Amino acid sequence: MSRAAHLIETPLAKVRDEIARACAEARRDPAGVTLVAVSKTFGTEAIEPVIAAGQRIFGENRVQEAKTKWPALKQRHGGIELHLVGALQSNKAKEAVALFDAIHSVDRASLAEALAKEIAKQGRAPTLFVEVNTGGEAQKAGVLPEETDAFIAACRERYGLTIAGLMCLPPVDEPPAPHFALTAKIARRNGLSLLSMGMSADFPLAIAFGATHVRVGTAIFGERARPTRQELGHTL
Ligand SMILES: *Cc1c(COP(=O)(O)O)cnc(C)c1O
């Protein structure tokens, strides 16, 4: 590639290149890694060019925000797939099931129950990930690692949910590798094939540990103006 071509490469193209490189290094098929472009806090004007560049899978962390942005975007563009990557309150399960194609944050019985009810009612079944709080952080959402097997079993047996995979969000001040490894191990012993792990700072490493879904915001859209509540350490 010429130097000029390299200079005009878009952030999205760069992320895709890095995914391809990480897959090659891990001897994995790039088709097995889904890029979820996390567009939280960004408006339609920032999202449109990314859709125009061919990206169709987007992540949001708040139901309310997604509801204001995506119905119109979905009408204008075909094939959009929307993923909820942030915490979900049980009383928003109805809206979440209606709007999202995947939910990465299933982490408690009341939510599993609410989701099961809405999935049955709406006849829509978003792909579900159980969020694991691999760092055991008190302020963070997610099921503790030692409680995850039982929680998955309850989701399946008590609520009849199909759980497709696990999601993790490692502590910001720790190397992520052990957290990715632990998440992959818990998924394996529960027969789960999907792994949502890796963000802007560490998605190539997550791919080395088997990530099937990388959730990348900043590396595509740039720095967010305000930190989200989640980044401030709140669970909701
Ligand atoms: C914001 C967010 C991301 C994306 O983070 P970046 O560092 O901007 O790539 C991924 N996952 C979750 C759960 C998020 O809230």
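Reading guide: rules and limits
Residues numbered from 1 in each chain as written. Predicted model: local features only at pLDDT ≥ 70, side-chain atom pairs only at ≥ 80, totals over all residues. Heavy atoms only, no water. Near = heavy atom within 4 Å. Polar contact = N/O pair within 3.5 Å; in protein donor to acceptor, adjacent residues only side chain to side chain. Nonpolar A, V, L, I, M, F, W, Y, C, P; charged D, E, K, R; others polar. Helix = DSSP H or I, 4+ residues; strand = E, 2+ residues; numbered from the N terminus. Expected span 1.5 Å × (residues − 1). Bend = angle between axes of the 7 residues up to and from the residue. Buried < 20%, exposed > 50% of the residue type's maximum accessible area, 1.4 Å probe, protein only. Contact = heavy atoms within 4.5 Å.

Visitor: Explain the site of the ligand here, please?
Guide: With respect to spatial proximity, 13 residues lie near the ligand, and among them Lys 40, Ser 200, Arg 215, Gly 217 and Thr 218 are the closest. Between the ligand and Ser 200 there is a distance of 2.5 Å, counted from an oxygen atom to a side-chain nitrogen or oxygen. Between the ligand and Arg 224, the relevant distance is 2.9 Å, taken from an oxygen atom to a side-chain nitrogen or oxygen of the residue. Of the residues belonging to the shell around the ligand, the class tally is five nonpolar, four polar and four charged.

Visitor: Explain helix α4 (residues 63-76) here, please?
Guide: Since the α-helix advances by 3.6 residues per turn, residues separated by three or four positions end up pointing in the same direction. Its 14 residues place the ends of α4 20 Å apart at the C-alpha level, agreeing with the 20 Å of an ideal helix rising 1.5 Å per residue. Of all the bends found along α4, the most pronounced is centred on Trp 70 and spans about 35 degrees, while Pro 71, a proline, follows it within four residues. For α4, the full list of buried residues reads Val 63, Ala 66, Lys 69, Trp 70 and Leu 73. Of the surrounding elements, those touching the buried residues of α4 are α3 (44-52), β2 (57-60), β3 (81-84) and α5 (93-99).

Visitor: Mind showing me how you'd approach the environment of Ile 103 here?
Guide: The residue Ile 103 is located in strand β4 (residues 102-106) in this model. In this structure, Ile 103 is in contact with Leu 84, Leu 88, Ala 96, Leu 115, Pro 126, Thr 127, Leu 128 and Phe 129, ignoring residues within four places of it in sequence.

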